[in-house]
Amino acid sequence: MFGISSIYILDQKGRVLITRQYRNELPVNIHETFNKKLLEFDEYTQKPVMIDKDGYTYIFIRHNNLIFMTVCSQNANCLMIFSFLFRLVQVLQEYFVNVEEESIRDNFVVVYELLDEMLDNGYPQTTEFKILKEFIKTESFQLKDKKQPEQTNFNVVALVSNKISWRKEGIKYKKNEVFLDVIEKLNMLIGQQGNVIKSEIIGQVQVKCMLSGMPELKLGLNDKAFFEAQGRQSKSRAVEFDDIKFHQCVRLSKFENERVIQFTPPDGDFELISYRLDIRVKPLFSVDVLIERKSATKIEFLVKAKSNFKPKSTANNVEIFVPVPDDAEQPQFRTAHGSVNYMPEKEAMCWSIKQFGGQRDFMMNAVFHLPTIVSPNRDKFQKMPINITFEIPYFTVSGFQVRYLKIQDKSGYNALPWVRYITQNGEYQIRMN
Amino acid sequence: MLFELPDKIGKAFGNGTLSIQSSKNNKLAELINSKYTEDIVEAIRMLYCQYLQNKDLTLYMSRIINLLPREDLELKKLCQILISEFAAQPNARTSKSQGDVLILATAPIFKDLTNQNTSIKLNALKTLSSLRIQELTPMLFTAIRKIQSDKNPLVRRSVALSILKMHDMCSDDVQPDDYNDIINFLLKDTHQTRLYAIYVIFKITGDLQILHKYYFQLIKDLLNFNSFDLERALQLLYQYSVMYFKEGDKDLIKLLDACEILLRLPYPSIVLAISKIYLQFPQETRIKKLIRTVVKFLNIGSESKFIILQMLHQFALSYPQYLKEHYRALTILQIEKLYCKLLKLEILSLLIDENNFNNILEELLYQARSNQPQLVAVAVKLLSKTTIKFPKFIKRTIKSLLDILKTGSSDTKNHVIASFCNLISTQESKLPLLAICLQNIEDISDIRYKATVIKLLRLEIGQIPTIVAESLRKLSLTFSQQHENVKYEILLLSHQLQAINQEQHIELLNQYIMTLAKFDSSLLVRDLYRTLSKSIEFKESFVQEEENVAPSLEMQKLPIGSLSHLVGMHLPGLNLPSYLNEDTSDKRKVEIQVPPQKVEQSQQQQQQQQQQPKSQKQQQQTQQVENKKEILKRVEEDVKKHYQNLDQVLNDFFTD
């Protein structure tokens, strides 16, 4: 509930690029105390919330080569401050694309204006980019809206204070369309014996809305609780959504009572739904690595990758990162599928396969030479996991399906909904023996 | 040369930089006085730069104030921000010149309050309320009253905030009579303005009676706020519920129900605010839902993840039964930050039960082999902790720890030994674990743990004197290379062993160690040597004297065989462990007796028995002898066991 006392944007060495003080209570140059505090820890042990001996709390995030830091003197909600800082970075990204020391230096007046608009007396105010761009214009935004500043301001005011603050009236499109992208990320951790330690699906429904007026949308999913509430059985597989979260536009009380997803969408891109399913899933890919030390200076890897999804699906851009000793050199690779690269900076080799069909298995052989002087961390690679990245279009691991999307508007136009499914890797790791 | 010198000196002392500075200032003056807006904006940019370098801007302020009445929106805004930043400087209120400048600035800003443009009006209000000028407060309230009924809700909301701001800056200047009417007016406004008005009242008076009237309205409005306002509203409701509700109140349940719907929003800060309310009025089903929601946020960035994990840690302590089903979500990933990994391990160890023991143990073991030493230390420590908690699984844990001990780095070995030492104190059968520690004593690089192992050995000296003697012999070989704390323990061990076992080779060993200690480089060790050697001299003199004199009563109080007893007095200078007060004489008798000699004696007795006529007494004697035989056999077996290889002791322990 308590606000931020001051905000700093610091460079990598802790020098101030931008600062705004909202309360008089803070000592001058408090950022120097923060810098000293920061030096007490290394990059692994540095916690994002620190407190000094006078009771001031420093909450900070890092972005590129910058540190966004706030000082609080009272017991504030940490997560609120974090979300403000992330929002600030997001807004700055929308303005300058690359948020780094140089862009902050070049545009520091705009940053000042933004901070003034986003925080009042340390209390977060307007943080939506769509609204902010109406108030604060850089050269790229200025040209379009200069003609009628008063009118746009009025729209903005209506936006901020209305109950539907996410959509303004009077939007018009020639062709009314909605694009739904169902993206599922699979977080999986597979143990040394091939057992699944953790499997978790993080899903989201991204919407690109190009609809006129103030339409009312109704979305039907294969939600098990919905079918149960209706007292009927679904033809296809129903999914149990326990942890489902919605954009603010969805009428939550209606969902809670009737399990119906009804909303007036914001214009443009937004995330409508996010969900987490903690269900047991068979690994989509399994990788076996056989390591053979041919001699003291030679090590051979035999990598076998297998896909376990249906044959009709195909995974694109599959990359398998297998850790190797940090002092390995002179790599020799042999494989019939894809290509292999040695990445010394990651201490791994990357086996890329453009298209990996379902129920297929591929082999790869790699030989590395090792120097006679043994590196102290030579065996470290065995404690690192194998990482896999992939993308499977037209497929969801959970079986998530959009049953319908009804679009209603007063004007009664016809609109086209488009749905696309995709499964990607989240943190997909296999522990080596 | 003479002509050039002063110039050089001048440059060295900064003449050059001064001239650059002055040329900069000239340029700034030129730009700020220019007719063109672009030039002025550039000049203000330069002023911002100077402000960031903590330079005094008083000189330029009058020009900035002159720029305020201009029509250009951006220029006006930049000037206003600069003025409020200038006012925020620590000496702005104390310095008279700066204060005067600020008062000058107020006139054009007051004028802006009546402007048609909403933005200008808003900025003017924001700037005025942040100027921190005491004299202005009554004027500002008058101006606020004029715009409180502005048609624009955004302005009305800002009015509430500006009152709060003025109060935050100087609470003495703002009295309830000044703002009561304004706030009452704002309470009837839209949901956002109402929230701010309630917030202002709470912040200034610390009371939430006002919510009696607006409680249901606020709950109704919850779904319409943006995330930051929603958090504020929830905090107010939390405060209110703490002040006015008891568990089970109908009205409270309405709030809890509303919060349940809000758990569907994708904002972690809201969930944190709700968890505060839920933990204040705990209801099992709601907390179960809350935990599930919190677990979902484990996939966000590591900064926020840290807070989320701390929340989960709290839940794991208070409601482990609901978090147990999500333990898989807490599995550690390679890319995570160390503090997240450590917290996850802590939480996992709190969630262990008989169902998930295998999986969590596997995770702990995997992390115990990791590359990060801090992580290894915590993992091993938690392993021993969980073993103490679940003695059922002790064999499995010890086996795994042994695996780590064989393959781990020296740091890891230290941690494993430390956890073994920890385990020894809780176990009844201490010897097998002690044997493992002894086996690896050479590899322990951390002196604390090495000293602890020797200390533990000292505590068990009564049971395994032969093994202690052997270990002492090994330790004596590297005595001079040890740390003083370890030497100290070795010295005590040797002395204690010598006290209970006065065989020749033990005495020689003790003498050898004492000699090493006598000439040791460490003062601590030499000091201990002196104390110990003195006490032995005491013993000799006492014994000589006591041959003639009857033992004193005090002597009887001291335990027989203890060092104190031998010395005939308590040794206050030496911190003696508690074993000295225990009567271990029985155990010692069993071990000191050497079996073969006694067996011979019994054979002789048997021969004598055959020769003597049989009588009842003889029968009794033979019975006694047989009993003794049995005892001796047992003793023999025991001794053999002790002499056996340490590995076998371990095998016995694991394969029963």
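The text that follows walks through the structure, step by step, so that each part is easy to find. For clarity, every value in this text was computed on a predicted model and none was experimentally measured. (Residues numbered from 1 in each chain as written. Chains lettered and ligands numbered in written order. Predicted model: local features only at pLDDT ≥ 70, side-chain atom pairs only at ≥ 80, totals over all residues. Heavy atoms only, no water.)

## Observations regarding the overall build of chain A
Okay, step 1: Looking only at helices and strands, chain A has 9 helices and 23 strands in total.
Okay, step 2: Each of the 433 residues in chain A was classed as buried or not, and the buried ones make up 54%.
Okay, step 3: Considering only residue pairs separated by 6 or more positions, chain A has 69% of its internal contacts joining residues 24 or more positions apart.
Okay, step 4: Within the structure as shown, chain A displays about 20,400 Å² of accessible surface, and the carbon and sulfur contribution to it stands at 47%.
Okay, step 5: Averaging the coordinates of the 57 positive side-chain charges in chain A and doing the same for the 53 negative ones gives two points 7 Å apart. (Helix = DSSP H or I, 4+ residues; strand = E, 2+ residues; numbered from the N terminus. Buried < 20%, exposed > 50% of the residue type's maximum accessible area, 1.4 Å probe, protein only. Contact = heavy atoms within 4.5 Å. Areas by Shrake-Rupley, 256 points an atom, 1.4 Å probe, with all protein chains shown as cover. Lys, Arg positive; Asp, Glu negative; His and termini not counted. Charge placed at Lys NZ, Arg CZ, Asp CG, Glu CD.)

## Notes on the overall build of chain B
Okay, step 1: Check the secondary structure of chain B and you find 35 helices and 0 strands.
Okay, step 2: Taking all 656 residues of chain B together, the buried fraction comes to 52%.
Okay, step 3: For chain B, the share of sequence-separated contacts (at least 6 apart) that also reach a separation of at least 24 residues comes to 62%.
Okay, step 4: When the accessible surface of chain B is totalled, it reaches about 33,100 Å², and 51% of it is carbon and sulfur.

## Topic: the pattern of salt bridges
Okay, step 1: Enumeration over the complete set of coordinates arrives at 41 salt bridges over all chains.
Okay, step 2: Residues E42(B) and R45(B) are paired through a salt bridge, measuring 3.7 Å at the closest nitrogen-oxygen approach. In this pair, E42(B) and R45(B) both sit in helix α3 (residues 37-52), 3 residues apart, roughly one turn of the helix.
Okay, step 3: Residue R45(B) is classed as partly exposed on the basis of its relative accessible area, which comes to 24%.
Okay, step 4: Within this structure, R20(A), D116(A), E117(A), K77(B) and K126(B) form a network of salt bridges that share partners. (Salt bridge = Lys/Arg side-chain N within 4 Å of Asp/Glu carboxyl O.)

## A short note on unusual backbone geometry
All names here are of chain A.
Okay, step 1: Even without being glycine, N64 reaches a positive phi, approximately 50 degrees.
Okay, step 2: Mapped onto the secondary structure, N64 falls in the loop between β4 (57-63) and β5 (66-72).
Okay, step 3: Its identity is not glycine, yet N121 carries a phi of approximately 55 degrees, on the positive side.

## Side note on the sheet that holds strand β11 (residues 243-246) of chain A
All names here are of chain A.
Okay, step 1: The strand order β11-β13-β9-β8-β23-β21-β16-β19-β18 describes an open sheet built from 9 strands, whose pairing is mixed. Sheet topology places β11 and β18 (339-343) at the edges, where each strand pairs with a single neighbour. Within this sheet the neighbouring strands show an average axis-to-axis angle of 15 degrees, counted without direction.
Okay, step 2: Examined bridge by bridge, strand β8 (residues 177-190) and strand β23 (residues 416-431) share 13 bridges and lie parallel to one another. Its bridge partner lying in β23, M188 is registered against Y428. (Pairing = 2+ DSSP bridges. Axes fitted to C-alpha atoms, helices over the stretch in contact; angles between N-to-C directions.)

## Points about the environment of G206(B)
All names here are of chain B.
Okay, step 1: Along the chain, G206 falls in the loop between α11 (191-205) and α12 (211-221).
Okay, step 2: Classification of G206 as partly exposed rests on a relative accessible area of 40%.
Okay, step 3: Those residues within four positions of G206 in sequence are excluded, and the remaining contacts are I201 and M243.

## Describing a positive patch on the surface
All names here are of chain A.
Okay, step 1: A contiguous patch of positive charge on the surface is contributed by K218, R232, R403 and K406.
Okay, step 2: Along the chain, R403 falls in strand β22 (residues 402-408).
Okay, step 3: A relative accessible area of 31% places R403 in the partly exposed class. (Patch = residues over 30% accessible without salt bridge, like charges linked within 9 Å, V, L, I, M, F, W, Y side chains within 5 Å.)

## Examining helix α5 (residues 73-88) of chain B
Okay, step 1: Taking 1.5 Å as the rise per residue, α5(B) with 16 residues should run 22 Å; its terminal C-alpha atoms sit 23 Å apart, in good agreement.
Okay, step 2: Burial analysis of α5(B) places 14 of its 16 residues in the buried class, the great majority of the element. (Expected span 1.5 Å × (residues − 1).)

## Some thoughts on the packing of aromatic side chains
Okay, step 1: This structure, assessed with the given rule, holds 30 aromatic pairs over all chains.
Okay, step 2: Seen in terms of ring centroids, F356(A) and F362(A) are 4.6 Å apart; in terms of plane orientation they differ by 50 degrees. Their pairing is tilted. Here F356(A) and F362(A) have matching classes, each one buried.
Okay, step 3: A network of ring pairs unites the aromatic residues F285(A), F309(A), F356(A), F362(A), F390(A) and Y428(A) as a single cluster.
Okay, step 4: Residue placement shows K406(A) over the ring face of Y404(A); its charged tip is 4.7 Å from the ring centre.
Okay, step 5: Between R232(B) and the ring centre of Y199(B), over which it is positioned, the NZ or CZ distance is 5.8 Å. (Phe/Tyr/Trp six-rings, centres within 6.5 Å; stacked < 30°, edge-to-face > 60°. Lys NZ or Arg CZ within 6 Å of the ring centre and 35° of its normal.)

## A word on the interface of chain A and chain B
Okay, step 1: Chain A puts 87 residues into the contact, and the matching count from chain B is 90 residues.
Okay, step 2: Linking chain A to chain B there are 6 salt bridges.
Okay, step 3: When the shortest N-O distance is used, the salt bridge between R264(B) and E256(A) registers 3.3 Å.
Okay, step 4: If one sorts the elements of the side of chain A that touches chain B by residue count, helix α2 (residues 78-96) of chain A sits on top with 8 residues.
Okay, step 5: When the residues that make up the side of chain A that touches chain B are grouped by side-chain class, the tally is 38 nonpolar, 22 polar and 27 charged. (Nonpolar A, V, L, I, M, F, W, Y, C, P; charged D, E, K, R; others polar.)

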